[in-house]
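What follows is each chain in one-letter form.
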Amino acid sequence: MNQEDDAPEDAYPADPGSTDDAEATRRDAGEAESSRASRGWWDRNADEYQSEHGAFLGDDRFVWGPEGLDEADAALLGPAASLKDKDVLEIGAGAAQCSRWLAAQGARPVALDLSHRQLQHALRIGDGLALVEADAGRLPFRDGSFDLACSAYGAVPFVADPVNVMREVHRVLRPGGRWVFSVTHPVRWAFPDEPGPEGLTVSASYFDRTPYVEQDEQGRAVYVEHHRTVGDRVRDVVAGGFRLLDLVEPEWPDWNGQEWGGWSPLRGNLIPGTAIFVCERA
């Protein structure tokens, strides 16, 4: 558990490393390099991320992606009333907003993240949650520890071996346990990551699985994101020992006028931006 740090947020300086001059490229990136890059990137950028998106995410809201689909409405983990007394693992929890919502429903969530700085933001918002700093590919829990597992854009898009993550989640879930995770919709990889009209023209092969990498002057990866097609994601789920119950593609709602990176009302009304996989432990 990583709850010993109860000092105020600004007592901890952010990682001084900068990625302002990072070079964007497409190249192979293995498991160790991807994990190291993700930890460093989120430690460096957690402050900016929470400052920029914290109001949208809320302190105790469970939102599945930039479209704003709320678990309170979607009930992808099950009806809110059914969450009471459930042991729930949130992977890639960030500042644990989703876990905080789960706790309000009477669940017993554990918020896991690779980034120490993100978990410090969880403490800044409020204590009382179980926080764990660990890699999603090596979950530090006993077999059958949880009833449910979830991840809203956490871990899965950033790992080189998603099947390993699926198997780890399968291991720590009890029989019949539900695993729900959201990722960038795979079709988005064929389009530029731009919110305006320039983001509506196909510019790359949907079938090119080469990872997107930002690297420093020495060629070391400082950010890595891995592309899988829809079919790949389905096969990963099955290889991990799960049944796919549903694939949710949230539509852009009329109330949401914000831009978030490449997400925007313009693009959201024309092409999907998020894919949510609802799975059950076989």
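Basis of the calculations
Residues numbered from 1 in each chain as written. Predicted model: local features only at pLDDT ≥ 70, side-chain atom pairs only at ≥ 80, totals over all residues. Heavy atoms only, no water. Phe/Tyr/Trp six-rings, centres within 6.5 Å; stacked < 30°, edge-to-face > 60°. Helix = DSSP H or I, 4+ residues; strand = E, 2+ residues; numbered from the N terminus. Buried < 20%, exposed > 50% of the residue type's maximum accessible area, 1.4 Å probe, protein only. Lys NZ or Arg CZ within 6 Å of the ring centre and 35° of its normal. Pairing = 2+ DSSP bridges. Axes fitted to C-alpha atoms, helices over the stretch in contact; angles between N-to-C directions. Contact = heavy atoms within 4.5 Å. Parallel < 35°, antiparallel > 145°, perpendicular 65-115°, else oblique. Left-handed = near helix turned anticlockwise from the far one by under 90°. Nonpolar A, V, L, I, M, F, W, Y, C, P; charged D, E, K, R; others polar.

### What about the packing of aromatic side chains?
- One pass over the structure, following the stated rule, counts 15 aromatic pairs.
- Here the aromatic rings of Tyr-153 and Trp-263 are separated by 6.0 Å at their centres, their planes lie at 85°, and the arrangement is edge-to-face. Of the two residues, Tyr-153 is situated in the loop between β5 (146-152) and α5 (162-172) and Trp-263 in the loop between β9 (242-248) and α7 (265-268); the sequence distance between them amounts to 110 residues.
- The buried category is assigned to Tyr-153, whose relative accessible area is 18%.
- Given the relative accessible area of 11%, Trp-263 is considered buried.
- Three or more aromatic residues link up through ring pairs in this structure, and these residues are Trp-41, Trp-42, Tyr-49, Phe-56, Phe-158, Tyr-212, Tyr-223 and Trp-260.
- Taking the ring centre of Phe-56 as reference, the NZ or CZ of Arg-61 above it sits at 5.0 Å.

### Thoughts on the sheet that holds strand β1 (residues 23-26)
- Spatially, the three strands line up as an open sheet ordered β1-β7-β8, and their pairing is antiparallel. Every other strand in the sheet has two partners, leaving β1 and β8 (221-225) as the edge strands with one partner each. Sheet twist, expressed as the mean angle between neighbouring strand axes with direction ignored, is 20°.
- Note that β1 and strand β7 (residues 212-215) share four bridges and pair antiparallel. Counted as the bridge partner of Arg-26 is Tyr-212 from β7.

### Considerations on the sheet that holds strand β10 (residues 274-281)
- Pairing is mixed across the open sheet formed by seven strands, whose spatial order is β4-β3-β2-β5-β6-β10-β9. On the outer flanks of this sheet lie β4 (130-133) and β9, each paired with one strand and no other. The mean inter-strand angle of the sheet, taken between neighbouring strand axes irrespective of direction, is 20°.
- Bridge count for strand β6 (residues 173-184) against β10 is seven bridges, and the pairing is antiparallel. Residue pairing across strands places Ser-182 opposite Ile-276, the latter belonging to β10.
- Packed on one face of the sheet, helix α3 (residues 97-104) meets β2 (87-91), β3 (108-113) and β5 and runs near 175° to β3.

### Structural notes on the packing of α5 against helix α6 (residues 230-239)
- α6 packs onto α5 with a crossing angle of 40° between their chain directions and a minimal axis gap of 8 Å. Relative to α6, the element α5 lies oblique. At the point where α5 passes α6, the crossing takes the right-handed sense. Taking contact as the criterion, the partners of Pro-162, Val-163, Met-166 and Arg-167 in α5 are, on α6, Arg-233, Asp-236, Val-237 and Ala-239.
- Its residues placed into classes, the contact of α5 with α6 shows five nonpolar, no polar and three charged.

### Some points on the environment of Leu-112
- Residue placement: Leu-112 occurs in strand β3.
- Separated by 22 residues in the primary sequence, Leu-112 and Ala-134 place their C-alpha atoms 6.4 Å from one another.
- In contact with Leu-112, other than residues within four places in its own chain, are Leu-89, Glu-90, Ile-91, Gly-92, Ala-93, Val-132, Ala-134, Ala-136, Leu-139, Pro-140 and Phe-141.

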